[in-house]
Amino acid sequence: MDAIHTSHEYAFVGDWAGNIIVFNDQIQRLHTFSLITEKETLNSMDVGLNAFYYEDNRLIIGTRGNEVYEYTFNPENGSKKFDHIITQGHYAPSKTWTNEVWGLSVFKNKDEYITCSDDATLRHWSIKEKKMLNVISLNKNMDGNDLEMDPKTKELSDAAKARALDVNDDGKIIAVGFWDGSMKIISTANWKILNEMKVAKEWVSDVKFSPNKKFLAYASHDNKVYIHTVHDMKKKF
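Description of the structure in this document. Since we're looking at a predicted model, the values are computed, not measured.

A look at the sheet that holds strand β12 (residues 131-137)
Next up, step 1: Pairing within the open sheet is antiparallel, and its four strands lie in the order β9-β10-β11-β12. Edge strands, defined here as strands with exactly one partner in the open sheet, are β9 (101-106) and β12. Taken over all neighbouring pairs, the strand axes of this sheet differ in orientation by 20 degrees on average, direction set aside.
Next up, step 2: Bridge analysis of strand β11 (residues 121-126) against β12 gives six bridges, and the strand direction is antiparallel. Bridge pairing in β12 links His 124 to Asn 134.

Put into structure tokens, the structure is as follows:
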């Protein structure tokens, strides 16, 4: 049990796996449902329950993935309808280290921006609408397979923790630098990894495309700046 809320007639209980159980005031189980099977939560990195609030058929659910969902819920018959996402953003999966947002870059040709974080996600935002448009997992390789967890901490590896990013001038590709000194080039057309490689001995602290879109520069904590050609990612300097 990770979250509980009681009203005059009902009690809501949730666990780390996103399961929700509704009891009446006689502690009789009325309904059970899971956020994992809800299509609105498919992009969540962690649907574990943190908090509830219920009043007048309005159910508010807070998750460990830093989302707050609102449902219309009838505890008498168990019917529910998703209303909207109140808020969402980067979250804090690590229990052994800080969880920080490190990178932010604005699209030059539209009212949007991108952020990256130690939570191994790339997040696409609308400035005008003030909401998240998409979340992309960075805990994957080019083949789409999940990266191995850190053998010591059993948490996300340094190869998944994003520390810097930049969007090129036409907004078609994004370069992301990581804590382990690696980088990924990602297409904004389908959010697939186009290229990945180890570029530095220590974590990448800044990334920039050249104005002519031909070169990409990485600054690292190993006190070096690496410059590659964008079309083939070959090292130039």
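A short note on the pairing of strand β10 (residues 112-117)
Next up, step 1: Taken across its six residues, β10 has five buried, putting it largely inside the fold.
Next up, step 2: Sheet topology note: the β9/β10 ladder contains five bridges and is antiparallel. Considered in β10, the bridge of Ser 105 is made with Ile 114.
Next up, step 3: Connecting the antiparallel pair β9 and β10 is a turn made up of five residues.
Next up, step 4: Count of turn residues in the β10/β11 antiparallel hairpin: three residues, of which Ala 120 carries a positive phi of about 65 degrees.

With respect to the packing of aromatic side chains
Next up, step 1: Under the counting rule described, the total for this entry stands at 10 aromatic pairs.
Next up, step 2: Relative to Tyr 54, the ring of Tyr 10 has its centre 6.4 Å away and its plane inclined at 85 degrees; by these criteria the two rings are edge-to-face. Taken as a pair, Tyr 10 in strand β2 (residues 10-14) and Tyr 54 in strand β5 (residues 49-55) lie far apart in primary sequence, 44 residues in all. Accessibility assignment for this pair places Tyr 10 and Tyr 54 in one class, buried.
Next up, step 3: Ring geometry for Phe 12 and Phe 52: centres 6.2 Å apart, planes at 45 degrees, overall tilted. Here the residue Phe 12 occupies a position in strand β2, and Phe 52 occupies one in strand β5, the gap between them amounting to 40 residues.
Next up, step 4: By relative accessible area, which is 9% here, Phe 52 ends up buried.

So, the pattern of salt bridges
Next up, step 1: Evaluated as defined, the whole model comprises 13 salt bridges.
Next up, step 2: Residues Glu 38 and Lys 80 are paired through a salt bridge, measuring 3.4 Å at the closest nitrogen-oxygen approach. Pair noted here: Glu 38 is in the loop between β4 (29-34) and β5 and Lys 80 is in strand β8 (residues 80-88), with a separation of 42 residues, a long-range link.
Next up, step 3: A residue is classified by how much of its surface remains accessible, and Glu 38, at 12% relative accessible area, is buried.
Next up, step 4: Between Lys 131 and Glu 129 there is a salt bridge whose closest N-O contact spans 3.3 Å.

Re the sheet that holds β8
Next up, step 1: Judged by pairing direction, the sheet is antiparallel, and its four strands sit side by side in the order β5-β6-β7-β8 without closing on themselves. Each end of this open sheet is capped by a strand with a single partner; those strands are β5 and β8. The sheet shows a mean angle of 20 degrees between the axes of neighbouring strands, taken without regard to direction.
Next up, step 2: Of the pairings in the sheet, the one linking β5 to strand β6 (residues 58-63) comprises six bridges and is antiparallel in character.

Here is what the cut-offs are and how they apply
Residues numbered from 1 in each chain as written. Predicted model: local features only at pLDDT ≥ 70, side-chain atom pairs only at ≥ 80, totals over all residues. Heavy atoms only, no water. Pairing = 2+ DSSP bridges. Helix = DSSP H or I, 4+ residues; strand = E, 2+ residues; numbered from the N terminus. Axes fitted to C-alpha atoms, helices over the stretch in contact; angles between N-to-C directions. Buried < 20%, exposed > 50% of the residue type's maximum accessible area, 1.4 Å probe, protein only. Phe/Tyr/Trp six-rings, centres within 6.5 Å; stacked < 30°, edge-to-face > 60°. Salt bridge = Lys/Arg side-chain N within 4 Å of Asp/Glu carboxyl O.

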